[in-house]
Amino acid sequence: MTTESATAPINAWQVAQHQFDLAAEMLNLDPGLRRVLREPRRELTVHFPVKMDDGSVQVYTGYRVQHNLGRGPAKGGIRYHQDVSLDEVKALAMWMTWKCAVVGIPYGGGKGGVIVDPKKLSKKELEGLSRRYFSEISVLIGPERDIPAPDVNTTPQIMAWFMDTYSMHVGYTVPGVVTGKPISLGGSEGRNEATARGCVFTIVKAAAHLGMDLKKCKVAVQGYGNAGSIAAQLMAAEGSSIIAVSDSSGGIRNMAGLDPDRVLAWKKEHGTVKGFPGAEDITNAELLVTECDILIPAAYENQITVTNASQVKAKIVAEAANGPTTPEADEILAAKGVFMIPDILANAGGVTVSYFEWVQDLNRDHWTEQDVNAKLKVIMDKAFAEVLAQSLKHKVNMRTGAYLNAVQRVADATAMRGLYP
Ligand code: GLU
């Protein structure tokens, strides 16, 4: 089966199912179990009204999908983007199931999204949309049932509105219903940086395995949001040179190196990294195939495809984004000897610190940033070692290694629980 065709856009859900099928086949998974894990458990679509600043009422569409609840409550972020679709949210929910299993935290997978370009809303409209969406999906939500978090274009402020909305419904404060909250409301130290920090932990391990000196590495980062900008800063702290970065408007390159902090300040001031002094402007397509040692896709799905995979120059691809590489591109990269750190491992630091946040909330506790980062490192290093061992044992790439571990764990849990009734 192929997931890319010349005529139709790439469908993330088809990609996710294809990746699962590959692992299920290798694991010789029981056919009944395969049928269960191949589909989401629950899919909710909501159409809800929002009062706009000009007095008009607009209706928005949103989703919450729970893929699997076998190992614990559903966990996964909510994204606001004009291109959100049910199939995308289903794919992202399935990836969360595998991600939580790869790092061994006690959750199933879920995801949510609203079709909206939040940059076009005022703060008041954004709050109205967030509160009404959360109340519509609250039939599925709860600290023991389904715990949302930030994703593309959603922030700690939005998590605070979600938490408040849920708490107003039940009549008391429930911090453990969402993660990624502001620190003042039971958020965890280190959560904001966690996706990038976890990603850099895996890059450090990969470089050691490959005998690469990070101080001599050139790094390109696609996406300069929460994950991408902090990954650039942390890679610079490792001594690597950040030579290209981009955002949705385009990218910049300077082979002599960019200062990630100054680029971030520029983006805050001008709304984009483009035009940064001393760098040449490039496109996102050019960034992906630019001369570098490490490529960090930290934006959206389906960025590395059959069209550009053979031109990727990096030796390591670390997927801070979810689903940036298609299965066909994966094969091309593997044949070229590119070391792939797959999304469900590379970006699992975010949900891991979300788990820490939830544990702290349930216990009314607050850990230091040092404690959080140290615990994150233990989990990421262990998961990386387990995935590497699996990939070496079966002579498969790291994505397949990660899937073998994850799918086996979820399948074991599902089989042990048995079929109800
Ligand atoms: N949205 C993030 C992800 O894709 C974090 C999810 C979470 O913390 O629950 O992994």
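Residues numbered from 1 in each chain as written. Predicted model: local features only at pLDDT ≥ 70, side-chain atom pairs only at ≥ 80, totals over all residues. Heavy atoms only, no water.

Visitor: Hey, could you run me through the overall build of the chain in this one?
Guide: Counting its secondary structure elements, the chain contains 14 helices and 13 strands. Scaling as 2.2 N^0.38, a compact globule of 421 residues should have a C-alpha radius of gyration of about 22 Å, and the chain matches this with 20 Å. In terms of overall dimensions, the chain has a C-alpha envelope of 55 × 55 × 50 Å along the principal axes. Taking all 421 residues of the chain together, 58% fall into the buried category. Pairs at least 24 apart in sequence give 68% of the contacts found in the chain among residues at least 6 apart. Mean positive and mean negative side-chain charge positions of the chain (44 and 46 charges, respectively) differ by 3 Å. (Helix = DSSP H or I, 4+ residues; strand = E, 2+ residues; numbered from the N terminus. Rg over C-alpha atoms; globule rule 2.2 N^0.38 Å. Buried < 20%, exposed > 50% of the residue type's maximum accessible area, 1.4 Å probe, protein only. Contact = heavy atoms within 4.5 Å. Lys, Arg positive; Asp, Glu negative; His and termini not counted. Charge placed at Lys NZ, Arg CZ, Asp CG, Glu CD.)

Visitor: Would you explain the site of the ligand in this entry?
Guide: Taken together, 14 residues are adjacent to the ligand, and K75, K99, P150, D151 and S354 come closest. Contact between the ligand and K99: an oxygen atom at 2.6 Å from a side-chain N or O atom of the residue. A distance of 3.1 Å is found between an oxygen atom of the ligand and a side-chain nitrogen or oxygen belonging to R191. For the ligand, whose accessible area on its own is 300 Å², the fraction buried by protein is 95%. (Near = heavy atom within 4 Å. Polar contact = N/O pair within 3.5 Å; in protein donor to acceptor, adjacent residues only side chain to side chain. Areas by Shrake-Rupley, 256 points an atom, 1.4 Å probe, with all protein chains shown as cover.)

Visitor: What is the right way to look at the pairing of strand β7 (residues 218-222) in this model?
Guide: Strand residues, when the strand is regular, have side chains that alternate between the two faces of the sheet. Along β7, four of the five residues are buried, which leaves the element largely enclosed by surrounding structure. As paired strands, β7 and strand β8 (residues 241-247) are joined by five bridges and run parallel to one another. Bridge pairing in β8 links V221 to V245. The β-α-β motif built from β7, the intervening helix α7 (residues 226-237) and the parallel element β8 has right-handed crossover chirality. Note: β7 against strand β11 (residues 294-297), four bridges, orientation parallel. (Pairing = 2+ DSSP bridges. Right-handed = clockwise from strand over helix to strand, strands pointing away.)

Visitor: How should I be thinking about α7 in this particular structure?
Guide: For an α-helix the count is 3.6 residues per turn, leaving residues at separations of three or four pointing the same way. Here α7 is 12 residues long and its end C-alpha atoms lie 17 Å apart, about the 16 Å a rise of 1.5 Å per residue gives. Within α7 the residues assigned to the buried category are A227, G228, S229, I230, A231, A232, L234 and M235. Lining the buried residues of α7 we find α6 (191-210), β7, β8, α8 (260-270) and β11. A positive backbone phi angle near 100° is found at G239, which sits one or two residues after α7. (Expected span 1.5 Å × (residues − 1).)

Visitor: What is the right way to read the packing of helix α13 (residues 369-394) against helix α14 (residues 398-417) from this model?
Guide: Packed helix pairs are specified by the crossing angle of their axes together with the interaxial distance, meaning the distance between the axes. Between α13 and α14, the shortest axis-to-axis distance is 8 Å and the interhelical angle comes to 110°. With respect to α14, the axis of α13 lies roughly perpendicular. Taken together, the residues of α14 that come into contact with α13 (itself represented by F384, E386, V387, L388, Q390, S391 and H394) are M398, G401, A402, L404, N405 and R409. Looking at side-chain class alone, the contact of α13 with α14 contains six nonpolar, five polar and two charged residues. (Axes fitted to C-alpha atoms, helices over the stretch in contact; angles between N-to-C directions. Parallel < 35°, antiparallel > 145°, perpendicular 65-115°, else oblique. Nonpolar A, V, L, I, M, F, W, Y, C, P; charged D, E, K, R; others polar.)

Visitor: Teacher, can you tell me more about the sheet that holds β8 here?
Guide: Pairing between the strands of a sheet is mediated by backbone hydrogen bonds and can be parallel or antiparallel. Read across the open sheet, the seven strands follow the order β10-β9-β8-β7-β11-β12-β13; overall the sheet is mixed. The open sheet has two edge strands with one neighbour each: β10 (280-282) and β13 (339-341). Within this sheet the neighbouring strands show an average axis-to-axis angle of 20°, counted without direction. With three bridges joining them, strand β12 (residues 316-318) and β13 adopt parallel strand pairing.

So yeah, pure geometry; function would need other evidence.
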